[in-house]
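# Structural description and commentary
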Amino acid sequence: MRRIRLIRPIHVWAMRDLLRRPGEALLLGLVLTLIVAFSGTALLLTQSLSSTARRMIGHAPSLVIRKVGIAGWEPVPENPALISARAVPGVTSASPRIWGFAGGPDGAVTVVGAGEGLECLPPGVGIGRLPQEGEAIIGEGVGQLKEGDTLRLTGSVSLEFKVFGRFPEDTGIVAHDVVLLHKKDAMPLLGLPEGFASDLAVHVFNEEEQSAILPDLLEAFPWPVRITTRRETAGYYAASFSKRGGIVVTALIPSIMALALLMTYLIRERTGQKHEVGLLKCLGWTTSDIVKTEVSRSVIVALPAAAFGSLISYVIVLRPGTRWLGALFFGWDGLPPALRLDATGAVLVLIEIACLVVVPFLASALWPALQSGAADPQDLIEEME
Amino acid sequence: MKELCCKEICFSRSQFGRGEKAILDQVNCSFPAGRISLITGITGAGKSTLLHIVAGLIRPTSGEVRADGSPVSRWVTAHKDLWRRRTGIVFQQPHLIRGLTALENVMLPLIPRGLSLPEIKKRGMESLEKLGAGHLAGEEVKRLSGGERQKIAIARALAAAPEALLADEPTAHQDDESAGRVLDIMKKESEGGCIVVIVAHDHRILKSGIADRHFTIECGRVCRVR
């Protein structure tokens, strides 16, 4: 049986040809790596933020119902609201939520009151047990406090709590500034009277029927309400990411310019070496051999560069506990959250960006080779004389 | 290949707005296998141009080059590329690739021919040794003298065992001893059934009597002297 050789002399020649100018080859690889890394980081960031947001929204209730009064939001009376909501066909469950904002040691914090269950927090925010009265579980961004320290929060009243635990670092994207209190502590702090909640989380049987249920729900309550659907929340995130997408495009401009410059350089450089192509043709090389060499040369430089550039952008964006993203994109004042972004679709994005950079790079190497391949060898080597 | 034949070859070059200058005019000649053909003529007579046309490096303005009756000069690029593999050419200037060693330059014609790398290296080395230049194998070509470079260029032309060896001033930079060795090699190649065409000014070649056929070019026309 004939043995198939993966590495042929033409590939060895391509490598040897690169080594004739090792500094230039190295610099080319480095520039390409940086272009892939820079573009990859920008695009991967947008993609990861979007998929993380989608994941978060996936855990959110189908509908959130808030009572609207003359002065704005008003507390929702728990029992009448639950009865009204559960009476609407299509609603599978409804639960009151207690949350709001209060002043913490380093600025505003999100206070969440825990009832009997942990449904107030998104899944994945793992804590051992719920806080008892006088205890608090805090996110990483709520002051430099350790377990056992005292946390002072100021809302409708000013109260002190004993820090009993911290949310794990990997929950930063949802629990960074959250203070979880016992329901009985949270209510006076947020100025909620007994029997009232901040809003009502409603789950429906069929997500597609949200629009059909909305009029029934609006009518079911004896007071004016504002209902926010999961789709609206998703729309808000989409708009927010479109805005950031603009920033990303701006960030890509230098990469595109660098790539264009690199291509121009390559075309000029390879065109300048036409005499070598001519000489090889005189020595019996076919156009196909020359193209194969050019492809091999480019692949030897571009593949490691694309792989390494992709790895860099993957590590920058998706390394667990990345903090600079929060600071850059969400304008965190204090300690930014250590983000753990969703890697769904990251491989596809990296393959896309690698192709977007590598394909023009290959084309810029191939174009002069194809041009020279069609010319008479003597015309090409005359440049040398 | 039994014979290379030029039929009514004309070649002219444009002179940047000053019309066209005829270099070759109705050239008819043939170069049989197993014979050494020598082409002489004054500088600028068109000797090298004729050699390059025969080698398929440029297209004649009219007429054709035939190899065993096939009009190779009319072939499309893809076929002509493959046809060139059957020839070995020595240029007037060595045209070596800088940044490579002498051996690597000699190996160049063999690289795309499906041989293994050790085989390519072995053949390259054999070719260098034929020219007595084996000791230069690892030298970078930029460090070599003009004569040494020419030897490398000849070794390169011979490396792929061509059916037609086309040499332009192959002894120009050689001392008498080296020139004799080069001519001996040409003779051996010819005896082995190769078509050998030498273009030269060098009187040593003429005096050596190595050529079986002698052509001269004058005013773009080729005349057979012997």
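The rules behind the values
Residues numbered from 1 in each chain as written. Chains lettered and ligands numbered in written order. Predicted model: local features only at pLDDT ≥ 70, side-chain atom pairs only at ≥ 80, totals over all residues. Buried ≥ 20, exposed ≤ 12 C-beta atoms within 10 Å, placed from the backbone. Helix = DSSP H or I, 4+ residues; strand = E, 2+ residues; numbered from the N terminus. Pairing = 2+ DSSP bridges. Axes fitted to C-alpha atoms, helices over the stretch in contact; angles between N-to-C directions. Contact = placed C-beta atoms within 7 Å. Core = buried A, V, L, I, M, F, W, Y, C linked by C-beta atoms within 7 Å. pLDDT = per-residue confidence, 0-100. Parallel < 35°, antiparallel > 145°, perpendicular 65-115°, else oblique. Left-handed = near helix turned anticlockwise from the far one by under 90°. Nonpolar A, V, L, I, M, F, W, Y, C, P; charged D, E, K, R; others polar.

### Observations regarding helix 1 (residues 47–54) of chain B
Residue and element names in this part refer to chain B. Counting buried residues in helix 1 gives 7 out of 8 residues, a clear majority hidden from the surface. Within the span of helix 1, buried status applies to Lys47, Thr49, Leu50, Leu51, His52, Ile53 and Val54. Once helix 1 ends, the next one or two residues include glycine 56, with phi positive near 80°.

### Observations concerning the sheet that holds strand 8 (residues 195–199) of chain B
All names here are of chain B. Pairing in this open sheet of 6 strands is mixed, and the strands run 6-7-8-3-9-10 from one edge to the other. Each edge of the open sheet carries a strand with a single partner, namely strand 6 (87–90) and strand 10 (221–224). The mean angle between the axes of side-by-side strands here comes to 20°, regardless of whether they run parallel or antiparallel. Pairing of strand 3 (residues 36–41) with strand 9 (residues 213–218) involves 5 bridges; the strand directions are parallel. Its bridge partner lying in strand 9, threonine 40 is registered against threonine 216. Sheet strands in contact with helix 1 are strand 3, strand 7 (164–168), strand 8 and strand 9, and its direction is about 155° off that of strand 8. Running at roughly 150° to strand 8, helix 6 (residues 176–191) makes contact with strand 3, strand 7 and strand 8 of the sheet.

### A closer look at the nonpolar core
Formed by 113 residues in total, the largest nonpolar core has its most connected members in A:Val357, B:Val54, B:Ile152 and B:Ile198. Tallying contributions element by element places helix 2 (residues 22–59) of chain A first for this core, with 12 residues. Ignoring anything within four residues of it in the chain, the contact list for B:Ile198 reads B:Ile36, B:Leu38, B:Ala167, B:Pro170, B:Met186 and B:Ile205. By size, the runner-up hydrophobic cluster in this structure holds 40 residues, among which are A:Ile65, A:Ala94, A:Ile138 and A:Phe167.

### A few points about the interface of chain B and chain A
The partner chain A presents 24 residues to the 25 residues of chain B that form the contact. Mapped by element, the contributors of at least two residues to the side of chain B that touches chain A are helix 2 (77–84) and helix 4 (117–130) of chain B. Tallying contributions element by element places helix 2 of chain B first for the side of chain B that touches chain A, with 5 residues.

### A few points about unusual backbone geometry
All names here are of chain B. Positive phi outside glycine occurs at glutamine 26, with the angle close to 50°. When the 15 C-beta atoms within 10 Å are taken as the criterion, glutamine 26 is described as partly exposed. The backbone phi angle of cysteine 219 is positive, close to 50°, even though this residue is not glycine. With respect to the element layout, cysteine 219 can be found in the loop between strand 9 and strand 10. Judged by C-beta crowding, with 11 C-beta atoms within 10 Å, cysteine 219 ranks as exposed.

### Looking at the confidence of the model for chain A
The predicted model of chain A has a mean per-residue pLDDT of 81, with 84% of residues at 70 or higher. Across chain A, the element-wise mean pLDDT spans from 62 in helix 10 (residues 324–330) of chain A up to 92 in strand 10 (residues 196–197) of chain A.

### Overview of the packing of helix 4 of chain B against helix 5 (residues 146–159) of chain B
Helix packing for two helices is described by the angle between their axes and how far apart those axes are. All names here are of chain B. It is the contact of helix 4 with helix 5, at a shortest axis distance of 8 Å, that shows an interaxial angle of 130°. If you check the angle between helix 4 and helix 5, you find them oblique. In this structure, the crossing between helix 4 and helix 5 has a hand that is right-handed. Where helix 4 approaches helix 5, its residues Arg123, Gly124, Ser127, Leu128 and Lys130 are matched on the opposing element by Ala155, Leu158 and Ala159. For the contact of helix 4 with helix 5, the residue count by class is 4 nonpolar, 2 polar and 2 charged.

### What to know about the environment of A:Ala14
All names here are of chain A. Looking at where alanine 14 falls in the secondary structure, it is placed in helix 1 (residues 9–19). Separated by 286 residues in sequence, alanine 14 and isoleucine 300 have C-alpha atoms that sit 8.3 Å apart. Sequence-distant contacts of alanine 14, that is, excluding residues within four places in its chain, are made with Thr293, Ser296, Arg297 and Ile300.

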